[in-house]
Structures are given as C-alpha cells and as structure tokens.
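Architecture at a glance
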Amino acid sequence: MTALPRGETPGSPATDDESVVADVSTPSPAEEAAAGTEEATEGAADDATEEATDGAADDSTAATAGEPADDGTDSEPADNEGTAAGADASADGDTAAAPVLSEAEAELAAQRELLARIEKRKAEKDGPIPAGTKLSGPAADLLAAVRAVESGEKPGAAFFDAPAPAAPRRTAPAPVRERAPEPVGADRGAGPEAVAAVAAVLASGGAPESLAAPAAGTLGANAAEVLREDPWQLLALPGVGPEQADGFARALLGAECGPDDERRTDALIGWLLERAALQGHTALDSAEVRAALTGRSVSDPDAAVQHAVAEGVVLVFQDGAEDGAEEEAQEEGPEAAETPAEDREAAPQEPVQVFLGLDRYALAEESLADGLARLVNAVEKDADWTGAAESAPSPSAAELIRTAAAHGLVAHTGGEAARAEPAALIAAASGLGLRALGTAHSADGARRLAEAVGDASAAVTPAGLLSGAEGPGRDEEGALAVDLLVVLDAPQLDVETGAMLVEALADGTRLVLSGDPGVLGSAGAGRVFADVLAARACPQVVSRTPDPGPIGELVSGIGIGELNQVAAPGREVVIVPVRDAGEAVHRTVQLVADSVPRAIGVPSSDTQVITVGHGGSAGTRALNEALKQRLNPGPGRFGGFDPGDRIAHVPAPGRTVPGVVVSADAEGLHLDCAGTPVVVPQERVEASVRHAWALSAHQAAGMRWPAVVVVLPGDAAQGLSRPWVYTAFGRGERHLSVVHGVDQALPRAVAQSPAQDRTTRLRTLLEASEG
C-alpha cells in the first residue's frame, strides 16, 4: 500500500504569507484524545442540537448500552445530558428540544394498536405485576422465554415450537397533502397552563424551568402530574441524563427514592434503547442492557429487565432460534424424533441471545419485512421491456432494466457514476407508459437525478414524497401513484422511513433500492440497505461502471481498502500536509478563499469543507467561525447570522438542507435553500440552523460539490474509518484537497475492514419470510 501523494496547494500556497484567520490554540493531549471524533460529536455525544442535525454517529464506532458515546468524549464541556439540578439552562432548555413525533408512529397502524394494548393493561392493573401472572398470550410466552433462557432452565428453542404468526398486512396510509415536517421540539397541544404547571414541578425538583415547554410537548398536557408520579420521565427529554433525573427524583420523592425503584429502572432501560437508536441500533442484547443497569447501581438487573418487559416498556426477541432448531432436527433425521425431549434438552446448546427493543423500531422492521415480501410476490407482467433494455446507454443499465422488468424488488449497487443506471431505468419505464419516480436523500441528489433522467418531475426527496409536498400524490386507496419507485442513496434510508415508503406502495409496484454500500449509514436507526443485501432478499445488480477521473480512482481504491497514489495532472487531488490544528484551520481558509478559486476555477461558494466532527480545534464550529470571518464578516445581527451566510437548515432529525441567509424580520429567519424560500421561526433558529461552510461527513452524505476540502487534523485520528473516508473523499466532483495531519492513521483507517456493528432484526425477518 502506498500513501497518498504529498504536494503543494494549488497556486503554490507554500509561499503565501497571509496570517492565520482564527485564533485556534493547539489542543492539549486530553483534548486530542477526545475531540473531533465523528461518533463523539455527531451522535449522542453532542448536544441536542447536534443530534438533531446529524442523528446517529459513525457506524464503525457505535456506542454500546454500557458505554454511551457522550460520556466525556467531546473536547468541549459536555452539555448533552443537560441539567436537572441547576445546570446551565441554555444547554438543557434552549437547545434540548423535544423529539419530533415520527411519521412512522402516526402511520404504522400496528404500532398504534400495540401502544393502545399496553395502555389498557396499565389502566386495568391494580398493583405491580407479580411474575407476569397478569400477562397472557404472546406477551406471557415471551416473558417466560426470557426468564427460562437466562436462568438456564430451558434452551431458547423450547419456547418457540410453533411459527410466529405473520404480521398483519398493513394498508397504505391515507393521503397526506402539503404537510410540513413538525419541527424539533414543537409543542404538541400543551397550552400555557400546562407549561406553567410543569415549570412549577421542575422548580420544586431543582430542574431548570426552561425544560418546561419541551417536557409539556413530549409528555403531553398532563406532564406535571406525570412528572410528580414518575420523576424519571424527565429522561424522555433530549439532553437529560440519569444523574440529572436521579437528582430531580430525590428532590421530589425524598426517602421514597431508591436505585431499584421500578419507575427508575423502566426509564433507564428506555433511555438506554433510545441512546442505542441514536447509534443506529434497533435492538440491544439483553446482556448489554443488564450490564449497563449494573453500572447505574441497579442491584437486580434481571428483575428490572423482566419488569420492563411485563410493563410493555420494551419488547423481547429471540430471532432465529426456532429456525435453527428446525434445521438441526431435519439434519439429524427421524432418529432424533425418537429421542426423549428431556434428553434433547440436556444436550449442550449454543448460547442464545435475547434482544430488547423499542416497539416503534420493532414494528417498523416487521412492517418493512412484510412489505418487501409483499412486493416480491406481487409483481405482474405489464409491458414488454425488451426494446428498452436493448437501447440502454450501458450494459449495466440494460441489466438493471431487464431485472426490474421481471422482479418486484431489486437491489442495485454502484458508485457515483452508477447513478446513471437508475436514471436510465426511470426513463425507460416512463417511455413504456409506466408511472416511474426516483427519490434521493437530498435535494441536491434529487436535482442531479432529474437532470440525468431529463425530467424535472422525475425525482423527489423521500421526505417530500411522504409528506405530499413533492411527487404525484396518492391514489384513491391512499397508495403512492407510481408503478416504479427507485430509491437512490439507499444506505441513508432508516428503518422507519423505509417502512413508510414500502407501506405506501400498492401491490404490483416495482421497488428498486440503489446505492453505494461503502458510504456512511443512515442518521436514523437501522441499516435497511445493508440488511436487504445481506439477506439476499431479492436479485442484486452490481454496476460495472467505474467512477471516472483521479477522484473516482482514489475513491474506488478506498472502497476496497487501498489508499493508492493517483496521477492528478490537473490537480484534481492535492494533499496539503499540516502540523497542528491551528495550521489546519489556516490552510483550509486559504484553500477555500484563494487557492482553489485561483488555481482550479471553482468559486468559494461552490467549495465545501468537510471535517470529522463539530468540536475540537478544527471541527465544524472552529472552521465555520474562521471561514465566516474571511468570506462573509459581520456582527451576526440575526441570531448570529448575517445575510449571505452559508447555512445548514435541519427541518427534522437526520435531514440537512444547505442554504443561504437572505434576511430576517418578525416572522423569522429567511433562507434560500436551492431556490426554495424557507422561513425559520425565531424560536427555532438556534436549534435548527447553523453555519455550513464546513460540514461533517454525515451531513454531507448524498450531496456533491464541484470542489471539496477534507480536513484531517491530528486529533481526528480516532474518528476515521473506511466508510468515513470513502464518503468524505467522494463528495468532490472536480477537485479534492486533503488537509492532512493524521500521518499513518489515514491508511490504517482505510485498510481496516469496516465493522457492521449496528444491531438490527431486519435481516433475520427477511430470511425468515423467505423460508
């Protein structure tokens, strides 16, 4: 393996003598060990505002339940756990907004039914559930399985003698027209009286009153009563951690408060699973949850888990045990059937993993698996695709057209150049009279897809399609009015969005999931595309179209673990070595403001900076401050923003929309987002808008720019992984500059095989549906 070529900045910047733009000090050793990592600053490690912008952290370093990623990993004072006992109200109230009510929760009928059953059980019980005696049906069976398997009394397969009933077929949700995404932290029906009542309860418990509005929005109009009866419900608010919730509970309950209080353990388990979801997990091994509870002073974690299952706080799964037992019996032949059951149970058994999950993700995965199986089995012959395949622009496009013609679900993989193949498929289907539509993760991706198809209406974003703001709308039965849906940037598809898209498709609709498996995963929970590929749930078409040019050659090598030296006669790839973070900031500003426009011909407005994290001496905050001083200096009179500032608008968690500040008035901050005017209310500016000359790789996923400057300061080494490097380096179309200060950490990160460490159930469900 050879290192990247070392060279000078375009235009011989080594001779430039301009002063450092921002005063950025060199980090201490402790800061270098903690600052700048993607997982520490983009997921749960950052404050609630950062979580809303980026969602989950890097797949390669997702935190476990026992070791949350935000425990002291940022170089800046940690504010993600907020304060309930007198901490800074700005960290916990103003920036810690209540979570968005997911559209999946509103549209998945099965989820609503399950929640209703749980509430009914709680209302009917007249005391604690002893050993699960008030449970019946599948809930009682699952609870018994957990207890028996974990105690060693029975093998896991003994409780799964009959196949689980198939999930009920979901009907397409009702049409939704012109509904904008609910902003993060929006008050969902809580009036001023409810907020005032919550503020009084918070004050009596020593918590900042600034949490009153988020608490009322999250817990509802009766939030005050809820918090009095169960103070640990404060953990439902972003930015509040167990220590703060414990302090609040001690202030309210006094001597009644204890570490084994069932209200506390239930809330802790829910908090652990919510934190895991920020890292992309849809479930966690129960052993990890029990270990995390032990670390939180719970004396009997087994009992705590059992109570949470009985109360419906979490669901329990043991996917695959039944299938494995059946296969073993079939392999052993008829003699095995004659062996007494007790002898078979006494035989050594493989360790059985029991998983815990939140109902919203469990039901989304089950609905998605059921919907994908429905599409696979419902495809119909509707046209002759032979001519379309023969006239395709490339052999890979022809293969994709032929495969989509014969199957209801197809997976397509390839790099940036391969995006032309789904575009050819959409054009071919439209030419046959079918209603064909493509979606892309970002507005920029949708624009590029529409240009490739040659039809401005041929591509939308998933959010716009599901909300009804974009696309053809719904038919009379509530299904999307399409015959073929192509989902580009499929790795960015989280499980809830995937379930909503699939449920909205009528029987007989063709679905093509297309994307590059090497990029970073979705901001939300799940790994839909990777699970579909791993389960081999459908035909897979692998593009043979290589990405062109030196950047394409470099990125293709990174995808297979090789950091090769590439020839770049036109300075398409330039390496800028730096010694420390201060020099990294200086050289980055120099590149964007002077060198790239002068030597490459790409203006500063078309050059994007990408760095590893938000914190640290060369994170997005420091770089954006320095770039603003150079490119658009001003007093920040509109809540820290001035007209002309490049910004990132976050209308919902995991969605980043780049734009420019236009003006501000009493109505709010006026933005221009790729030609679309957007007004952000004044109270939402701090939580959903920030400068965007520099972005993280997660924010930049699904977008491309003519020129990209990737900043790798020395304290960023821990945040590097092959998917991160692959994603960041692949964002540039014409030019890539790498501000390089991590020495051999870069080739090591590229060479290391990426770990698929998100715990999900979709692959198991898909494999079971095939059986």
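Once a new chain begins, its residue numbering starts again from 1 and follows that chain's sequence as written. Note on the predicted model: pLDDT of at least 70 is required for a residue's local features to be given, and 80 or more for side-chain atom pairs to be given and counted; whole-chain, interface and lining totals, by contrast, use all residues. The side-chain figures draw on all heavy atoms in the structure; neither hydrogens nor water molecules are used.

Digging into the overall build of the protein
The condition is simple: Only DSSP runs of H or I covering at least 4 residues are called helices, and only runs of E covering at least 2 are called strands; the numbering of each starts at the N terminus. Three exposure classes are used, based on accessible area relative to the maximum for each residue type with a 1.4 Å probe and protein chains only: buried under 20%, partly exposed in between, and exposed over 50%.
Across its full length, the protein holds 33 helices and 19 strands. For the protein, with 771 residues in total, the buried portion stands at 56%.

Observations concerning the sheet that holds strand β5 (residues 436–439)
Where we set the bar: At least two DSSP bridges between two strands are required for those strands to pair. Contacts are assigned to residue pairs that have any heavy atoms within 4.5 Å of one another. Axis definition: a line fitted to C-alpha atoms, over the contacting stretch in the case of helices. Angles run 0 to 180 degrees between N-to-C directions.
What the six strands build is an open sheet, ordered β6-β5-β7-β8-β4-β9; its pairing is parallel. Where the open sheet ends on each side, the last strands, each with one partner, are β6 (459–460) and β9 (540–542). Sheet strands touched by helix α25 (residues 528–535): β4 (409–413), β8 (510–515) and β9. Its angle to β4, the strand with the most contacts, is close to 105°.

With respect to the environment of Val 519
Here Val 519 lies in the loop between β8 and α25. On the accessibility criterion, Val 519 (16% relative accessible area) is buried. Separated by 183 residues in the primary sequence, Val 519 and Gly 702 have C-alpha atoms spaced 9.3 Å apart. Once residues within four sequence positions are removed from consideration, Val 519 is found in contact with Pro 491, Gln 492, Pro 723, Tyr 726, Thr 727 and Arg 731.

Let's talk about empty space enclosed by the protein
For the record, the criterion: Points on a 1 Å grid, built from protein atoms alone, make a cavity when a 1.4 Å probe fits but cannot get out and make a pocket when they are open with protein on both sides within 12 Å along at least 5 of 7 lines; residues with an atom within 4 Å of a point are the lining residues. Grid points are joined across faces, edges and corners, and a volume is the space filled by probe spheres set on the points.
A complete count under the given rule lists eight cavities of 30 Å³ or more for this structure. Around the largest cavity sit 19 residues that line it, and Glu 416, Arg 419, Asp 489, Gly 515 and Asp 516 are the ones nearest its centre.

Section: the packing of aromatic side chains
We count it as follows: For Phe, Tyr and Trp, where Trp contributes only its six-membered ring, two rings pair if their centres lie within 6.5 Å, and the inter-plane angle classes them as stacked under 30 degrees, edge-to-face over 60, or tilted in between. Working rule: Lys NZ or Arg CZ, within 6 Å of ring centre, within 35 degrees of ring normal, means a charge sits over the ring.
This structure, assessed with the given rule, holds zero aromatic pairs. Looking at Arg 761, its charged tip hangs above the ring of Phe 317, at a distance of 3.7 Å from the centre.

With respect to the pairing of strand β10 (residues 573–577)
Working note: regular strand, side chains alternate between the two faces of the sheet. For β10, the tally of buried residues reaches four of five residues, placing the bulk of the element in the interior. In this structure, β10 lies alongside strand β19 (residues 732–740), joined through five bridges in parallel fashion. Paired with Val 573 across the strands is Leu 736, a residue of β19.

What to know about the sheet that holds strand β1 (residues 284–285)
Read from one edge to the other, the open sheet built from three strands follows the order β1-β3-β2, with strand pairing classed as antiparallel. Of all the strands in the sheet, just β1 and β2 (315–317) have a single pairing partner and so form its edges. Where β2 meets strand β3 (residues 355–357), three bridges bridge the pair, whose relative direction is antiparallel. Looking across to β3, one finds that Val 316 is bridged to Leu 356.

A closer look at the pairing of strand β12 (residues 646–649)
What you see with β12 is no split at all: Arg 646 and Ala 648 on one side and Ile 647 and His 649 on the other are buried throughout. Sheet analysis places β12 next to strand β13 (residues 657–665), joined by four bridges and oriented antiparallel. By the bridge assignment for β13, His 649 is matched with Val 657. The pairing of β12 with strand β16 (residues 689–691) spans three bridges and is antiparallel. Bridge pairing links His 649 to Val 689 in β16.

Regarding the nonpolar core
Inclusion rule: For this analysis, a nonpolar core means a set of buried residues of the types Ala, Val, Leu, Ile, Met, Phe, Trp, Tyr and Cys, connected via side-chain atoms within 4.5 Å.
Counting residues in hydrophobic clusters, the biggest one holds 65 residues, and the most contacted among them are Leu 293, Leu 485, Leu 511 and Leu 513. Counting residues in hydrophobic clusters, the runner-up holds 36 residues, among them Ile 558, Val 573, Trp 705 and Ala 745.

Re helix α13 (residues 286–295)
Note: α-helices contain 3.6 residues per turn, so residues at a spacing of three or four share the same orientation. Worth spelling out the cut-off: Our arc is simply the arc of the directions from the helix axis toward the C-beta atoms. Under this definition, polar contacts are N or O atom pairs within 3.5 Å; protein pairs additionally need one hydrogen-donor-capable and one acceptor-capable atom, and for neighbouring residues in sequence, both atoms have to be side-chain atoms.
Considered for burial, the residues of α13 that qualify are Ser 286, Val 289, Arg 290, Ala 292 and Leu 293. Down the axis of α13, the buried side of the element spans an arc of 160°, and every buried residue falls inside it. The N-cap residue of α13 is Asp 285: its side-chain oxygen and the backbone nitrogen of Ala 287 are 2.9 Å apart.

Re the packing of helix α21 (residues 420–431) against helix α22 (residues 443–453)
Where we set the bar: Every angle not falling under 35 degrees, over 145, or within 65 to 115 is termed oblique; those three ranges are roughly parallel, roughly antiparallel and roughly perpendicular. Crossing chirality is assigned from the near helix's rotation relative to the far helix, an anticlockwise turn below a right angle marking it left-handed and a clockwise turn marking it right-handed.
Put simply, α21 and α22 touch, their axes get as near as 8 Å, and they point 55° apart. The orientation of α21 with respect to α22, classified from their angle, is oblique. In terms of crossing hand, the pair formed by α21 and α22 is right-handed. Together, Ala 423, Ile 426 and Ala 427 of α21 and Leu 449, Ala 452 and Val 453 of α22 make up the contact between the two elements.

Overview of the confidence of the model for the protein
Applicable threshold: Known as pLDDT, the predictor's per-residue confidence is scaled from 0 to 100.
Counting all residues, the mean pLDDT for the protein is 79, and 71% of those residues have values of 70 or more. Ranking the elements of the protein by mean pLDDT puts helix α1 (residues 29–34) last with 36 and strand β7 (residues 484–487) first with 98. In the model, residues 155–189 has pLDDT below 50 throughout and makes 86 contacts with residues more than four positions away in sequence or in other chains. The low-confidence segment residues 321–339 (pLDDT under 50) makes 10 contacts with residues lying over four places distant or belonging to another chain.

Some words on the packing of helix α18 (residues 359–377) against helix α24 (residues 495–503)
Short version of the rule: Residues were grouped as follows: Ala, Val, Leu, Ile, Met, Phe, Trp, Tyr, Cys and Pro as nonpolar; Asp, Glu, Lys and Arg as charged; and all remaining residues, including Gly, as polar.
At a minimum axis separation of 8 Å, α18 and α24 run at an interaxial angle of 40°. Relative to α24, the element α18 is oriented oblique. Taken as a pair, α18 and α24 cross one another with a handedness that is left-handed. Each of Arg 360, Tyr 361, Ala 364, Glu 365, Ser 367, Leu 368, Gly 371, Leu 372, Arg 374 and Leu 375 in α18 lies in contact with α24, whose residues at this interface are Val 495, Glu 496, Gly 498, Ala 499, Val 502 and Glu 503. For the contact of α18 with α24, the residue count by class is eight nonpolar, three polar and five charged.

Quick word on the environment of Glu 399
Tracing the backbone through its elements, the reader meets Glu 399 in helix α20 (residues 395–406). Placed 143 residues apart in sequence, Glu 399 and Val 542 show a C-alpha to C-alpha distance of 9.2 Å. Ignoring any residue separated from it by four or fewer positions in sequence, one finds Glu 399 in contact with Val 541 and Arg 544.

Focus: helix α8 (residues 192–204)
Rules: The length a helix should cover is 1.5 Å for every residue beyond the first.
Its 13 residues place the ends of α8 19 Å apart at the C-alpha level, agreeing with the 18 Å of an ideal helix rising 1.5 Å per residue. Buried residues in α8 make contact with α9 (212–219), α10 (223–229) and α11 (242–253). Directly after α8, the chain includes Gly 206, whose backbone phi takes a positive value near 80°.

Here we look at the side chain of His 670
Mapped onto the elements, His 670 comes out in strand β14 (residues 668–673). For His 670, a relative accessible area of 17% corresponds to the buried category. In terms of polar contacts, His 670 uses its side chain to reach the side chain of Asp 665, at 2.9 Å. Those residues within four positions of His 670 in sequence are excluded, and the remaining contacts are Val 660, Val 661, Val 662, Ser 663, Ala 664, Asp 665, Val 678 and Val 679.

So, the pattern of salt bridges
Our working definition: Salt bridges are defined as contacts in which a side-chain nitrogen from Lys or Arg sits within 4 Å of a carboxyl oxygen from Asp or Glu.
For the structure shown, the criterion picks out 24 salt bridges. Note that Arg 637 and Asp 642 form a salt bridge whose closest N and O atoms lie 3.5 Å from each other.

Quick notes on unusual backbone geometry
Positive phi, close to 55°, is recorded for Asp 489, a residue that is not glycine. Inspection of the secondary structure puts Asp 489 in the loop between β7 and α24. Of note in this structure, Ala 674 is not a glycine but carries a positive phi near 55°.

As for the side chain of Ser 543
If you trace the backbone, Ser 543 turns up in the loop between β9 and α26 (549–559). A polar side-chain atom of Ser 543 sits 3.1 Å from the main-chain amide nitrogen of Thr 545. Residues within four places of Ser 543 in sequence aside, it is in contact with Ser 396, His 412, Thr 413, Gly 414, Ala 418 and Glu 421.

Points about the environment of Ala 504
In this structure, Ala 504 sits in the loop between α24 and β8. When its relative accessible area of 0% is taken as the criterion, Ala 504 is described as buried. Along the chain, Ala 504 and Ala 481 lie 23 residues apart, while their C-alpha atoms are 9.3 Å from each other.

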